[in-house]
Amino acid sequence: MTASTTARGPATTPGGWLRRYRPADAAAVRLVCFPHAGGSASAYLRLAAALAPSGVEVLAVQYPGRQDRRGEPFIDTVDELVEAVLPEVRQWTHGPFALFGHSLGATLAFETARRLTDSGRPPAHLFLSGRRAPVVPRSDTVHLLDDRSLIERVTRLQGTDPTLLQDEELLRMVLPAIRNDYAMAGAYRYRPGPPLPVPATVLTGDADPNVTPEDARRWSEVVAGPCELNVLPGGHFFLNDHTAGICSLIEEALADAR
């Protein structure tokens, strides 16, 4: 699999969906990472750098409508997005691979894992972070908030640089992506099916206003393999404060996949 790159940016895989911040053609295992609502591939920059020495290459998904894909139309349903990214992800499934998703990204990683498993290429491991299990009843209407209320909601989650939220021009650029992705999350409905026969690691923050530890624990109902819950200090974006510890969990979980 080849990729294009520039002096200023990451390598981009041919289909345009994946970013390789630390390209490693001889990587022992690859970790495909799905960003949170309103997020972009660069959310996994630190993870890519931290995991590179261990032989784990991070492939970060870049959703359309943001950063270098800003001119492309949004995709507004989970099913459509998964079907769009799936052909490119498949190109990296001939060797050991795993999937990681945070918040909305966890839903996308889970649904991608279901489709890959159905086609006979299950991931070696599934990492589900900052998201309620799909069997937990939900009513997400954040996307219906007016702009100011939506900004306040995003600010409370502490996943966006506060200086960005004070810049009107930048806000006009990022708010449509945030609103689109919240609408995508709100429209998602879990379709019951056989539990995934893969091991999973579930991560959540002990002060996350969106996900209780019990909500996170219920991922075990849709995963047939071993499912370990890790509750870490922090809110919805606890990942930002625990890069080293999370990398250790990933490396340990993927040790047998190499």
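Definitions and limits used
- Residues numbered from 1 in each chain as written.
- Predicted model: local features only at pLDDT ≥ 70, side-chain atom pairs only at ≥ 80, totals over all residues.
- Heavy atoms only, no water.
- Helix = DSSP H or I, 4+ residues; strand = E, 2+ residues; numbered from the N terminus.
- Buried < 20%, exposed > 50% of the residue type's maximum accessible area, 1.4 Å probe, protein only.
- Pairing = 2+ DSSP bridges.
- Right-handed = clockwise from strand over helix to strand, strands pointing away.
- Salt bridge = Lys/Arg side-chain N within 4 Å of Asp/Glu carboxyl O.
- Arc of directions from axis to C-beta.
- Contact = heavy atoms within 4.5 Å.
- Lys, Arg positive; Asp, Glu negative; His and termini not counted.
- Polar contact = N/O pair within 3.5 Å; in protein donor to acceptor, adjacent residues only side chain to side chain.

**Student:** When you look at unusual backbone geometry in this model, what are you seeing that I'm missing?
**Tutor:** Excluding glycine, residues mostly carry a negative phi; peptide bonds, for their part, are mostly trans. The phi angle at Gln67 is positive, at roughly 45 degrees, despite the residue not being glycine. Residue placement: Gln67 occurs in the loop between β4 (56-61) and α2 (78-90). At Ser103, a residue that is not glycine, the phi angle is positive and equals roughly 60 degrees. For Ser103, the location among the structural elements is in the loop between β5 (97-102) and α3 (104-118).

**Student:** When you look at the pairing of strand β3 (residues 29-34) in this model, what are you seeing that I'm missing?
**Tutor:** The side chains of a regular strand alternate between the sheet's two faces. Within β3, six of the six residues are buried, which leaves it mostly tucked inside the rest of the structure. Judged by which residues are buried, β3 turns out to be covered on both faces: Val29, Leu31 and Cys33 on one side and Arg30, Val32 and Phe34 on the other are all buried. Sheet topology places β3 next to β4; five bridges connect them, and they run parallel. Paired with Val29 across the strands is Val56, a residue of β4.

**Student:** Whenever I open this one, the pairing of strand β6 (residues 126-129) confuses me. Can you help?
**Tutor:** Residues Leu126 and Leu128 line one face of β6 and the alternating positions Phe127 and Ser129 line the opposite face, and both faces are buried. Sheet analysis places β5 next to β6, joined by four bridges and oriented parallel. Within β6, the position partnered with Leu99 by the bridge is Leu126. Between β5 and its parallel partner β6, the chain crosses via α3, and the hand of that crossover is right-handed. Two elements, β6 and strand β7 (residues 200-205), share four bridges in a ladder whose sense is parallel. Residue pairing for β7: Leu126 is matched across the bridge by Ala200.

**Student:** Even after reading the chapter, I still don't get the pattern of salt bridges, so can you show me in this structure?
**Tutor:** It is possible for side chains of opposite charge to pair when their charged atoms get near one another. Per the counting criterion, the structure on display carries 13 salt bridges. Across the pair Arg19 and Asp68 runs a salt bridge whose closest N-O atoms are separated by 2.9 Å. Of this pair, Arg19 sits in strand β2 (residues 18-20) while Asp68 sits in the loop between β4 and α2, and the two are 49 residues apart along the sequence. Relative accessible area serves as the criterion here: at 52%, Asp68 is assigned to the exposed category. In this structure, Arg191 engages Asp79 in a salt bridge whose closest nitrogen and oxygen atoms are separated by 2.9 Å. One end of the pair, Arg191, is in the loop between α6 (168-187) and β7; the other, Asp79, is in helix α2, and 112 residues separate them in sequence. When its relative accessible area of 43% is taken as the criterion, Arg191 is described as partly exposed. Residue Asp79 is classed as partly exposed on the basis of its relative accessible area, which comes to 30%. A single network of salt bridges, built from pairs that share partners, joins Asp79, Glu83, Glu111, Arg114, Arg115 and Arg191.

**Student:** Would you explain helix α8 (residues 243-253) in this entry?
**Tutor:** Because the α-helix completes a turn every 3.6 residues, residues three or four places apart line up on one side. Inspection of α8 places Thr243, Ile246, Cys247 and Ile250 among the buried residues, and these make up the whole buried set. Across the axial projection of α8, the buried residues extend over an arc of 100 degrees, all falling on one side. Away from its buried face, by an angle of more than 90 degrees, α8 presents the exposed residues Ala244 and Glu252. Those residues of α8 hidden inside the fold are in contact with β3, α1 (45-51), β5, β6, β7 and β8 (227-232).

**Student:** Explain the side chain of Glu88 to me, please; I cannot follow it from the model alone.
**Tutor:** Its place among the elements puts Glu88 in helix α2. Despite its burial, Glu88 remains without a salt bridge, the nearest opposite charge being carried by Arg19 at 6.2 Å. At a separation of 3.5 Å, a polar atom in the side chain of Glu88 contacts the main-chain amide nitrogen of Gly15.

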